[in-house]
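The chain contents come next:
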Amino acid sequence: MVGGGPGQLFGCRTQRLPGKELHAWEDVLPHLDLPSSERQQLVEALVRLGEQLAGLQDCMREVGVDEDIVDFVSPSIDKQRTQLLALRP
């Protein structure tokens, strides 16, 4: 995984697609060599993570993260949450 700018929390590079970086979970998952049962468990865990991201900005504020930092990462958090929740079957 590699870092990104606002609205892009990370990307994924894979040996199967040299030189290509994937930015959406729906694009990353098909490139993982997993048995279907493990793939389903992974999808369920990713969806749960998406659900948990709903409170991340509030949690950041509660522990004293500067508002400008919360504002800077909020688009990335929202984008990832949307992508993860979209994985629901």
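Within each chain, residues carry numbers counting from 1 in the order of the written sequence. Only residues with pLDDT of at least 70 get local features here, since the model is predicted, and only at 80 or more are side-chain atom pairs given and counted; chain-wide, interface and lining totals rely on the full set of residues. Side-chain metrics rest on all non-hydrogen atoms present in the structure, leaving aside hydrogens and water.

### Thoughts on the confidence of the model for the chain
On average, residues of the chain score 81 in pLDDT, and 75% of them reach the 70 mark or higher. Per-residue confidence from the predictor is given as pLDDT, running between 0 and 100. Helix and strand definitions follow DSSP, with helices as H or I runs of at least four residues and strands as E runs of at least two, each counted in order from the N terminus. Averaged over each element, pLDDT in the chain is lowest for strand β1 (residues 2–3) (39) and highest for helix α3 (residues 56–62) (96).

### Brief notes about the nonpolar core
Side chains of a nonpolar character, in soluble globular proteins, are inclined to be buried together. In plain words, nonpolar cores are sets of buried Ala, Val, Leu, Ile, Met, Phe, Trp, Tyr and Cys residues tied together by side-chain atoms within 4.5 Å. Each residue gets one of three labels from its accessible area relative to the maximum for its type: buried under 20%, exposed over 50%, partly exposed in between, using a 1.4 Å probe on protein chains only. Of all hydrophobic cores here, the largest spans 12 residues; its members are Trp25, Leu29, Val43, Leu46, Val47, Leu53, Met60, Val70, Ile77, Leu84, Leu85 and Leu87. At the level of elements, α2 (36–52) and α4 (67–85) are the ones that each hand at least two residues to this core. Pairs of residues are marked as contacts when any of their non-hydrogen atoms sit within 4.5 Å. In this structure, leucine 46 is in contact with Trp25, Leu29, Leu84 and Leu87, ignoring residues within four places of it in sequence.

### As for the pattern of salt bridges
A side-chain nitrogen of Lys or Arg and a carboxyl oxygen of Asp or Glu constitute a salt bridge if their distance falls within 4 Å. Under the defined criterion, the tally for this structure stands at three salt bridges. Linking arginine 61 and aspartate 58 is a salt bridge whose minimum nitrogen-to-oxygen distance equals 3.4 Å. Note that arginine 61 and aspartate 58 are positioned in helix α3 at a spacing of three residues, about one turn of the helix. Between arginine 61 and glutamate 67 there is a salt bridge, with its nearest N and O atoms 3.0 Å apart. Look at arginine 61 and you get partly exposed, because its relative accessible area is 36%. Take glutamate 67: its relative accessible area is 38%, and that puts it in the partly exposed class.

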